[in-house]
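# What the coordinates show
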Amino acid sequence: MRAARATSALVLLLSMAMFAQQRGAPPPGAVPGQPRPGQRGGGGRGGGAIQLMTLTTTAWPDGGQIPARYTQAGDETSPAFTWNGAPEGVASYVLIMHDPDAPIPPGTDDVLHWMLWNIPAASTGLPERVPRGSQLPDATRQISATGPNYRGPGAVAAGPMHHYVFELYALDAAIDVPAVGMQPPQARAAVVAAMAGHVRGKAVYVGLFKRP
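Residues numbered from 1 in each chain as written. Predicted model: local features only at pLDDT ≥ 70, side-chain atom pairs only at ≥ 80, totals over all residues. Heavy atoms only, no water.

Here we come to the overall build of the protein. For the protein, the helix and strand inventory stands at two helices and nine strands. When the elements of the protein are put in sequence order from the N terminus, they spell out α-β-β-β-β-β-β-β-β-α-β. Of all 212 residues assigned to the protein, the portion counted as buried reaches 45%. Long-range pairs, those at least 24 residues apart, make up 75% of the contacts in the protein with a sequence separation of at least 6. Accessible surface, the protein: about 9,800 Å² in total, of which carbon and sulfur atoms supply 57%. (Helix = DSSP H or I, 4+ residues; strand = E, 2+ residues; numbered from the N terminus. Buried < 20%, exposed > 50% of the residue type's maximum accessible area, 1.4 Å probe, protein only. Contact = heavy atoms within 4.5 Å. Areas by Shrake-Rupley, 256 points an atom, 1.4 Å probe, with all protein chains shown as cover.)

As structure tokens, then:
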């Protein structure tokens, strides 16, 4: 379990680094001499570069406030996303949505709002309102902290805005993690562990929300 948490922490650090890089800022926690996303030594088979991709939605601007309809204050419609800039040799995609600002017990992962894995290699996006279900017709698998579905943002009105981070990963392999039979934290840890050494491209998109 400690190893899985350490792997998840590394994934979060890499996503934060990409978010900073896209805005021209130095990655948080960067160590001199270590590769950054898009530089050699990144993570596909053979230690090749991790390509910087673009993830977008028309629902809100990157870093902007998420409209209520996509949150627990509305009907929790999952937003449509598109992506481009994928490297060659992609076999599948993983999308992870999480809330790093949510209060959690020390030593545990942050709140998982959505995770989809084995998104087909030919995909260039997700439609709005992805249906509930552990495995979708195209073999995409999904889970969240509340079940096999998208869980919208729900930060309380009394606190600060929370950052909801959407991380897209292009992989050179499929993920052999079942869609059922594990609790969300274990499924997340298993998917993240299976991604190790197979990430060929990454993109990050962020939205802000707290209840009105």
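A few words on the packing of aromatic side chains. What describes a pair of aromatic rings is the distance from one ring centre to the other and the angle between the planes of the rings. Within the structure shown, the criterion is met by eight aromatic pairs. The interplanar angle of 80 degrees and the centroid separation of 5.1 Å between the aromatic rings of Trp-114 and Tyr-150 together place this pair among those described as edge-to-face. Remark: Tyr-150 occurs in the loop between β7 (141-143) and β8 (162-171) and Trp-114 occurs in strand β5 (residues 111-120); sequence separation between them is 36 residues. Assigned by exposure class, Trp-114 and Tyr-150 land together as buried. Of the aromatic side chains, those joined through ring pairs into one cluster are Trp-60, Tyr-70, Phe-81, Phe-166 and Tyr-205. (Phe/Tyr/Trp six-rings, centres within 6.5 Å; stacked < 30°, edge-to-face > 60°.)

This part is about the nonpolar core. Within the largest apolar cluster, 27 residues are counted, with the highest numbers of intra-cluster contacts made by Leu-55, Leu-95 and Phe-166. Elements represented by at least two residues in this core include exactly β3 (81-84), β4 (92-99), β5, β8 and β9 (199-209). Here the element with the most residues in this core is β8; it accounts for four residues. Setting aside chain neighbours within four positions, we find Leu-55 in contact with Phe-81, Thr-82, Trp-83, Leu-95, Phe-166, Leu-168, Ala-203, Val-204 and Tyr-205. With 16 residues, the next largest nonpolar core counts Ile-50, Leu-112, Trp-117 and Met-195 among its residues. (Core = buried A, V, L, I, M, F, W, Y, C linked by side-chain atoms within 4.5 Å.)

Attention now moves to the sheet that holds strand β1 (residues 51-52). Each strand in a sheet pairs with another by means of backbone hydrogen bonds, the pair being arranged parallel or else antiparallel. Taken together, the six strands give an open sheet; going across it, the order is β1-β9-β8-β4-β5-β7, and neighbouring strands pair in mixed fashion. Because the sheet does not close on itself, it has two edges, and the strands there are β1 and β7. Sheet topology places β1 next to β9; two bridges connect them, and they run parallel. Of the residues in β9, the one forming a bridge with Leu-52 is Lys-202. (Pairing = 2+ DSSP bridges.)

Treat this as a map of the structure, not an account of what it does.
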